[in-house]
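Secondary and tertiary structure notes
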Amino acid sequence: MSFQALRQTVDRLLPSSDPVRYVAEDGTPLPVPDDGGIPADAVLLDAFRRMVVGRRFDAQATVLTRQGRLAVYPSSRGQEACQIGAVLALREEDWLFPTYRDSMALFARGLDPLELLTLLRGEWHCGYDPMAWRTAPQCTPLATQAPHAVGLAEALRRRGRGGVVLVLVGDGGTSEGDFHEALNFAGVLGAPVVFLVQNNRYAISVPLERQSAAPALAFRGVGCGVPSEQVDGNDLVATLAVVSAAVERARAGRGPSLVEAHTYRVEPHTNADDAARYRDEEEVARWRAADPVVRLERYLRHRGLLTDREVEDARQEAERVAEALRAGLSGPLAGDPLELFSHVFAEPTPQLVEQRAWLAAELAAWDGDGGAGGDSDGVEEEGRSGWRR
């Protein structure tokens with residue numbers, strides 16, 4: 001290959017020098033290239049509604065976690081444009097591979113909120129049917145879903161079934177070997193898969209500059225022959241346009257893409273995290289000013305597309321969702337704790353057999369003393385166990 005041909009190949013793979021942005025932080029429209037692919041007005045209005053409802057869902061889940069109704073909940077507040085933009089770029093036949101932080105994306109995809117929170121409540125491995133929703137179980141280990149996503153995308157291609165796979169990854173996940181292996185796997189096979197990296201600046205408490213020295217995480221696609229792009233992940237218009245272009249590129253048989261969305265996790269990593277230990281309030285305040293929901297609302301109002309009535313309708317729908325979530329999670333857990341050991345291995349290991357026996361004995365002892373416990377700390381029975389009362 002000549003130097004000129006090599007340069008052309010590399011240029012085709014490189015992301016833009018600056019993140020793609022179509023809307024300024026104050027909602028003002030910015031110049032868009034001819035091939036920018038601005039989403040239709042109706043799509044943007046639907047996106048705004050989903051973002052408003054999704055944020056209320058996220059806030060209510062966070063409160064329920066503090067009340068002990070959920071075991072853990074990783075908030076995605078501040079990442080609404082990434083989550084909603086990802087879902088709206090997909091068709092019904094496409095697949096989504098989410099992480100533990102992508103509950104808002106699953107909710108926007110149409111999943112029952114009570115089913116998608118089953119995992120985070122500790123009731124079951126996955127509360128929804130992945131095959132019915134074409135949505136893989138939420139993945140807690142970083143990036144382990146990425147090779148699975150590529151494998152499924154390649155299977156769809158070989159069987160001629162059509163469909164594209166979108167895999168969501170955090171910035172911390174890009175430091176894992178699974179991510180690099182999946183990216184290389186996709187590049188070699190030309191699989192119809194899109195990697196959307198939600199760069200929210202922190203892998204728990206590790207800042208981005210301690211994770212990578214690259215100009216942007218999007219550059220990681222170049223070494224695997226995967227065309228890449230970076231986008232302002234708080235700009236729904238740009239995010240949806242860029243992700244949609246990558247998805248349609250894969251659908252047309254032109255292979256995988258990597259998109260890095262620059263965004264920010266406003267809330268702590270989870271309810272167990274003290275974010276003040278590794279970032280200051282001034283930094284958080286700067287990102288709050290770049291709020292993706294507010295930015296889209298201002299943009300739509302600037303264009304005369306959004307009315308006060310539509311904003312109020314979205315907020316009322318959001319409150320109905322929150323109310324239903326509170327009611328649905330008000331009862332005790334429905335599962336059996338011993339199911340924790342089901343479907344781990346076809347033949348349980350000696351360690352699993354031992355652990356199951358230990359838990360069974362503990363539960364029997366708990367039932368035997370009426371749930372009071374010999375070292376009662378004043379916690380009511382329902383607070384100790386929602387399974388056995």
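Residues numbered from 1 in each chain as written. Predicted model: local features only at pLDDT ≥ 70, side-chain atom pairs only at ≥ 80, totals over all residues. Heavy atoms only, no water.

1. Brief notes about the overall build of the chain
Of the regular secondary structure elements, the chain holds 15 helices and seven strands. A compact globule built from 389 residues would reach a C-alpha radius of gyration of about 21 Å, and the chain, at 22 Å, matches this within 12%. Taken along the three principal axes of its C-alpha coordinates, the chain extends 75 × 50 × 40 Å. The burial tally for the chain puts 48% of its 389 residues in the buried class. Residue pairs in contact within the chain that sit at least 24 positions apart in sequence constitute 74% of those at least 6 positions apart. Of the roughly 18,600 Å² of accessible surface on the chain, 51% is carried by carbon and sulfur atoms. With 42 positive and 57 negative side-chain charges, the chain shows a spacing of 4 Å between the two charge centroids. (Helix = DSSP H or I, 4+ residues; strand = E, 2+ residues; numbered from the N terminus. Rg over C-alpha atoms; globule rule 2.2 N^0.38 Å. Buried < 20%, exposed > 50% of the residue type's maximum accessible area, 1.4 Å probe, protein only. Contact = heavy atoms within 4.5 Å. Areas by Shrake-Rupley, 256 points an atom, 1.4 Å probe, with all protein chains shown as cover. Lys, Arg positive; Asp, Glu negative; His and termini not counted. Charge placed at Lys NZ, Arg CZ, Asp CG, Glu CD.)

2. Brief notes about unusual backbone geometry
A negative phi angle characterises most non-glycine residues, just as the trans form characterises most peptide bonds. Of note, the phi angle at I204 is positive, near 60°, even though the residue is not glycine. As for its position among the elements, I204 is in the loop between β4 (202-203) and β5 (206-207). The class for I204 is partly exposed, based on a relative accessible area of 43%. Here the phi dihedral of H343 falls at roughly 60°; this positive angle occurs in a residue that is not glycine. Counting through the fold element by element, H343 comes out in the loop between α13 (308-328) and α14 (350-368). For H343, a relative accessible area of 68% corresponds to the exposed category.

3. Observations concerning the environment of V284
Residue position: V284 is located in helix α11 (residues 281-288). Accessibility expressed as a relative area gives 6% for V284, which makes it buried. Distance in space between the C-alpha atoms of V284 and Y264 is 8.5 Å, their sequence separation being 20 residues. Setting aside anything within four residues of it in sequence, one finds V284 in contact with Y264, V266 and R279.

4. Let's talk about the nonpolar core
Most often, soluble globular proteins keep nonpolar side chains buried together rather than apart. Counting residues in hydrophobic clusters, the biggest one holds 63 residues, and the most contacted among them are L117 and L296. Per-element accounting of this core gives the leading share, 10 residues, to helix α10 (residues 236-251). Setting aside anything within four residues of it in sequence, one finds L296 in contact with L44, A47, F48, M51, L236 and V237. Counting 25 residues, the second largest nonpolar core, distinct from the first, contains F97, A149, V150 and V197. (Core = buried A, V, L, I, M, F, W, Y, C linked by side-chain atoms within 4.5 Å.)

5. Here's the deal with helix α8 (residues 145-158)
The terminal C-alpha atoms of α8, which comprises 14 residues, lie 20 Å apart, in line with the 20 Å expected from a rise of 1.5 Å per residue. Turning to α8, its buried residues are Q145, A146, A149, V150, A153, E154 and L156. Contact partners of the buried residues in α8: β1 (95-97), β2 (165-170), α9 (177-189) and β3 (193-199). Looking one or two residues beyond α8, the residue adopting positive phi is G160, at roughly 65°. (Expected span 1.5 Å × (residues − 1).)

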